[in-house]
Amino acid sequence: MSPDTLHQPPPRRLRLAATIAAIVVIAIVVAGVATRANDSRKLRDWTDAQAVPTVNVVSPESGQGGGELDLPGRLQAYSRAPIFARTSGYLKYWKADIGQKVKAGDLLAEIETPDLDQQLLQAKADLASARANEALALTTAKRWQAMRDSDSVSRQEVDEKTGDYEAKHALAQAAQANLERIQALKGFAKLVAPFDGVVTARETDVGALINAGGGGQELFVVSDVHKLRMYVNVPQNYVPSIREGATVKLTVPEYPGKTFSGTVESTSAAINAASGTTLVQVSVDNADGKLLPGGYASVTFDLPADAALLRVPASALVFDDKGLRVATVDEQNKVAFKVVTIARDFGKTVQLGSGIAAGDRLIESPPDGLADGDTVRVNAPKADGDHAKA
């Protein structure tokens, strides 16, 4: 330090020290402000970054199998005939009970018909009387014809006798027809099986009053159960996938874990306006008799694959006031919503019939508040090793 400095008066040294201190304070303040501004900028950048949602994207899958369609239904006998009485009377006896196998023509029961028996006797007597009158009229007509040849009687009288014979002949034929009608009704007193099958119902017993006609109570039901039918209502959008001759699988509650096979025989070729379904008939071989008519069954149809349909996770769907949509991400990570239609629903995944292309990137579980044009951050897809660790 120079001698001059040492000999400076104390106030001057104090002013110099104050100036140096002020410079230091100013430097500290400037440094603090700069640090705070930098932190504020970093916080703003971090906040802006956090405002951009991070999403996972999936790509539509194609070329997969069509899946399966499970629908309920009821098994029915391939042929079922309720047996009604064609003649009135009282049940004399029955020979076939429920569960009994019968052949075509086997006697099921017989009806006692006292009223019809009396009508049969009267019809026989009426026929005998008509035939006697017919024979007398024929003899008279022949005699008068012979007398006409010798000019003993007039032609008018001969024509009258001939006409009388023809009338008596017609009455005899009517009596014969009436007798045959009553005999036919008498034949219906025996109830027989119309085809080979099983008696699945008996609704009468000995001594029961039997009323003729379809309006009465059915007496027996004979069912052909060696083959069963199943009618299934298939939703309209699945109808094109159901083909005649296709094999289906059936399951029933009484045989858990066991499947039976059936064949699609035909469809109604029309849509029921009330239910929006088509009736499909499935035939099931039941030679072993395990399946019972009237039972509940679940039928599984194998749906063919359709390359035009793209499968996506169900979590990618958004349903709001604008309809059913999916959120896609373009190359600039901008969001674009697209309206789609569902062709088939498989639960966790769905097949879309329209609205997207195979190369689209779909947002899985789109966050709330996402709109068209928003920018998103796309998570990098996991490597195979990461999937294995997960």
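Parameters and conventions
- Residues numbered from 1 in each chain as written.
- Predicted model: local features only at pLDDT ≥ 70, side-chain atom pairs only at ≥ 80, totals over all residues.
- Heavy atoms only, no water.
- Helix = DSSP H or I, 4+ residues; strand = E, 2+ residues; numbered from the N terminus.
- Buried < 20%, exposed > 50% of the residue type's maximum accessible area, 1.4 Å probe, protein only.
- Contact = heavy atoms within 4.5 Å.
- Areas by Shrake-Rupley, 256 points an atom, 1.4 Å probe, with all protein chains shown as cover.
- Salt bridge = Lys/Arg side-chain N within 4 Å of Asp/Glu carboxyl O.
- Phe/Tyr/Trp six-rings, centres within 6.5 Å; stacked < 30°, edge-to-face > 60°.
- Lys NZ or Arg CZ within 6 Å of the ring centre and 35° of its normal.
- pLDDT = per-residue confidence, 0-100.
- Pairing = 2+ DSSP bridges.
- Axes fitted to C-alpha atoms, helices over the stretch in contact; angles between N-to-C directions.
- Parallel < 35°, antiparallel > 145°, perpendicular 65-115°, else oblique.
- Left-handed = near helix turned anticlockwise from the far one by under 90°.
- Nonpolar A, V, L, I, M, F, W, Y, C, P; charged D, E, K, R; others polar.

Visitor: Sorry if this is basic, but what is going on with the overall build of the protein chain here?
Guide: On a plain count of helices and strands, the protein chain comes out with five helices and 21 strands. Taking all 390 residues of the protein chain together, the buried fraction comes to 29%. Looking at the protein chain alone, contacts between residues at least 24 apart form 73% of all its contacts between residues at least 6 apart. Approximately 23700 Å² of the protein chain is accessible, and the part contributed by carbon and sulfur atoms is 54%.

Visitor: Could you clarify how one ought to interpret the pattern of salt bridges in this entry?
Guide: Pairing of side chains with opposite charge becomes possible as their charged atoms draw close. As enumerated under the stated definition, the model contains six salt bridges in all. The residue Asp 97 makes a salt bridge to Arg 202 at a minimum N-O spacing of 2.9 Å. Of this pair, Asp 97 sits in the loop between strand S3 (89-94) and strand S4 (101-102) while Arg 202 is found in strand S7 (residues 197-202), placing the two residues 105 residues apart along the sequence. For Asp 97, a relative accessible area of 27% puts it in the partly exposed group. One salt bridge in this structure joins Lys 227 and Glu 265, with 3.5 Å as the shortest N-O distance. One end of the pair, Lys 227, is in strand S9 (residues 220-235); the other, Glu 265, is in strand S11 (residues 260-267), with 38 residues separating them in the sequence.

Visitor: What exactly am I supposed to notice about the packing of aromatic side chains here?
Guide: Each aromatic ring pair is characterised by the separation of its centres together with the angle its planes make. For the structure shown, the criterion picks out one aromatic pair. Ring centres of Tyr 255 and Phe 260 lie 5.9 Å apart, and the angle between their planes is 65°; on these two criteria the pair is classed as edge-to-face. The residue whose ring lies beneath Arg 202 is Trp 94, and the NZ or CZ to ring-centre distance is 4.0 Å.

Visitor: Explain the confidence of the model for the protein chain here, please?
Guide: Interpretation of the predicted coordinates at a detailed level should be avoided for regions scoring low in pLDDT. In the predicted model, the protein chain carries a mean pLDDT of 83, and the fraction of residues at 70 or more is 86%. For the protein chain, the element scoring lowest by mean pLDDT is helix H5 (residues 384-389), at 41; strand S5 (residues 107-112) scores highest, at 94. Taken together, the stretch residues 383-390 has pLDDT below 50 and engages in one contact with residues farther than four places along the chain or on a different chain.

Visitor: Whenever I open this one, the sheet that holds strand S6 (residues 190-192) confuses me. Can you help?
Guide: Pairing between sheet strands relies on hydrogen bonds along the backbone, with the strands arranged either parallel or antiparallel. Read across the sheet, four strands follow the order S6-S5-S3-S8 without closing on themselves; strand pairing throughout is antiparallel. The outermost strands of the open sheet, each flanked by one partner alone, are S6 and strand S8 (209-210). Sheet topology note: the S5/S6 ladder contains three bridges and is antiparallel. In the strand pairing of S6, Ala 109 is matched with Leu 191.

Visitor: For this particular structure, what's the right way to read the packing of helix H3 (residues 114-149) against helix H4 (residues 155-187)?
Guide: For any two helices packed against each other, the geometry is given by the interaxial angle and the distance between the axes. With their axes 7 Å apart at the nearest point, H3 and H4 run at an angle of 160° to one another. In this view, H3 runs roughly antiparallel relative to H4, as classed from their interaxial angle. Crossing geometry of H3 relative to H4 is assigned as left-handed. Here the residues of the contact of H3 with H4 are counted per class, giving 17 nonpolar, nine polar and 12 charged.

Visitor: Would you mind showing me how to read the sheet that holds strand S19 (residues 349-354) here?
Guide: Strands sit in the order S14-S19-S18 across an open sheet of three strands; the sheet is antiparallel. Only two strands of the sheet have a single partner each, and these edge strands are strand S14 (310-313) and strand S18 (341-345). Shown here is a sheet whose adjacent strand axes are inclined to one another by a mean of 45°, direction ignored. Summarising the sheet, S18 and S19 pair through four bridges and their orientation is antiparallel.

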